[in-house]
Amino acid sequence: LLGGFVAGAILLHLEANAAAAARADETRAHGLRVGFYVVAVVGGLYALALVCFRSSIARAAKAMRLGAAAVSALPLLLVSPPLFVCASVGALVLGGYGALLLMSTGTLRYGTPGFGHLTLDGTTEALLAAVAGATFWLVVFCRHLQYAVIGGAVSEWYANADQWSTVRTYPVLAALGRALR
């Protein structure tokens, strides 16, 4: 009798596992079907974009070829963006240091709930605003100087591509000099 109960329990367990496997197979099949439709729709949209935008894609490919040629001819172009980012970060650090120095001249108010209430006089507040404005201007100047240097070097390379031997030795540094003048 006990063996019959054990055999019946094993058979019920196997049947339940078979039913769960069938449900899992249905779920897997449904997921695969939905995945196929998603891939088909995305592929169709990609093909439609290729057909509709083929002239724009051709222009972009030509621009990428010219950009790659400019970078291979002017390797210093790859160094200039990190240098200008460092200059911008340096301007931010310098401005923050100046602001901290100006704020340290303020007087601490006691008896006010909270942490670190400073009182600054009008002149110090005006100097603090000037430091913030100068820091912002320096960061924007560094960014636009980078654009001018890269644009100047690439335009010199592009205009003189057929007579590259007559171009200066360091066109990126020459473009930096022209931008700073």
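Preceding this section is the structure that the text describes.
Residue numbers here run from 1 along each chain, matching the order of that chain's written sequence. Confidence filtering applies because this is a predicted model: local features only for residues at pLDDT of at least 70, side-chain atom pairs given and counted only at 80 or more, and all residues used for totals across whole chains, interfaces and linings. The side-chain numbers reported here are obtained from all heavy atoms of the structure, hydrogens and water having been left aside.

Caption draft 1: Up close: the overall build of the protein chain. Each helix and strand in the protein chain was counted, giving 5 helices and 2 strands. Ordered by position from the N terminus, the helices and strands of the protein chain form the series α-α-α-β-β-α-α. Looking at the protein chain as a whole, 15% of its 181 residues are labelled buried. The contacts of the protein chain with a sequence gap of at least 6 include a subset with a gap of at least 24, amounting to 60%. Accessible surface area values rest on a Shrake-Rupley calculation with a 1.4 Å probe, where residue burial reflects the displayed protein chains alone. For the protein chain, the accessible area works out to roughly 13400 Å², and carbon and sulfur atoms hold 73% of it. Each helix corresponds to a stretch of at least 4 residues labelled H or I by DSSP, and each strand to a stretch of at least 2 residues labelled E; elements are numbered beginning at the N terminus. Three labels apply to residues, based on accessible area from a 1.4 Å probe with only protein chains included: buried if under 20% of the type maximum, exposed if over 50%, partly exposed otherwise in between. By the convention used here, residues are in contact when the closest approach between their heavy atoms is within 4.5 Å.

Caption draft 2: Representation of the packing of helix 3 (residues 80-103) against helix 4 (residues 122-159) within the structure. Between helix 3 and helix 4, the least distance of the axes is 9 Å, while the angle of their chain directions is 175 degrees. With respect to their mutual orientation, helix 3 and helix 4 come out roughly antiparallel. Residues Ser80, Pro81, Phe84, Ala87, Ser88, Ala91, Leu92, Gly95, Gly98, Ala99, Leu102 and Met103 of helix 3 lie in contact with helix 4, whose contacting residues are Thr124, Leu127, Leu128, Val131, Thr135, Leu138, Val139, Cys142, Leu145, Gln146, Val149 and Ile150. Gly falls in the polar group here, along with every residue not listed as nonpolar (Ala, Val, Leu, Ile, Met, Phe, Trp, Tyr, Cys, Pro) or charged (Asp, Glu, Lys, Arg). Among the residues forming the contact of helix 3 with helix 4, the class breakdown is 17 nonpolar, 7 polar and no charged. Helix axes are fitted only over the stretch in contact, all axes being lines through C-alpha atoms; the angle between N-to-C directions runs from 0 to 180 degrees. Angle categories are assigned with fixed cut-offs, so that under 35 degrees is roughly parallel, over 145 is roughly antiparallel, 65 to 115 is roughly perpendicular, and the rest are oblique.

Caption draft 3: Main features of the side chain of threonine 124. Note on placement: threonine 124 falls in helix 4. The class of threonine 124 is buried, set by a relative accessible area of 10%.

Caption draft 4: Region of the structure containing a nonpolar patch on the surface. Residues enter a patch when their relative accessible area is above 30% and they make no salt bridge; the linking distance is 9 Å between like charges and 5 Å between nonpolar side chains (Val, Leu, Ile, Met, Phe, Trp, Tyr). The salt bridge criterion pairs a side-chain nitrogen of Lys or Arg with a carboxyl oxygen of Asp or Glu, the two atoms within 4 Å. The grouping of Val71, Leu76, Leu78, Val79, Leu83, Tyr170 and Leu173 at the surface amounts to a nonpolar patch, some 650 Å² of accessible area in total. On the secondary structure map, leucine 78 appears in the loop between helix 2 (54-73) and helix 3.

Caption draft 5: Expanded view of the packing of helix 2 against helix 4. Two elements in contact, helix 2 and helix 4, have axes whose closest approach is 10 Å; the angle formed by their N-to-C orientations is 100 degrees. Classed by the angle they form, the pair helix 2 and helix 4 counts as roughly perpendicular. Counted together, Leu66, Ala69, Ala70 and Ala73 of helix 2 and Val154, Trp157 and Tyr158 of helix 4 form the full contact between these two elements. Its residues placed into classes, the contact of helix 2 with helix 4 shows 7 nonpolar, no polar and no charged.

Caption draft 6: Summary view of the nonpolar core. Judged by nonpolar contacts, Ala70, Leu74, Leu77, Phe84, Leu145, Val149, Ala153, Trp157, Val172 and Ala175 together constitute the single largest core of 10 residues. Every element with two or more residues in this core is listed here: helix 4 and helix 5 (171-180). A total of 4 residues in this core trace back to one element, the largest contributor, which is helix 4. Beyond its immediate stretch of four places on either side in the chain, leucine 145 contacts Phe84, Leu176, Ala179 and Leu180. We define the nonpolar core as a collection of buried residues of types Ala, Val, Leu, Ile, Met, Phe, Trp, Tyr and Cys that are connected through side-chain atoms lying within 4.5 Å of one another.

Keep in mind these values describe shape, not function.
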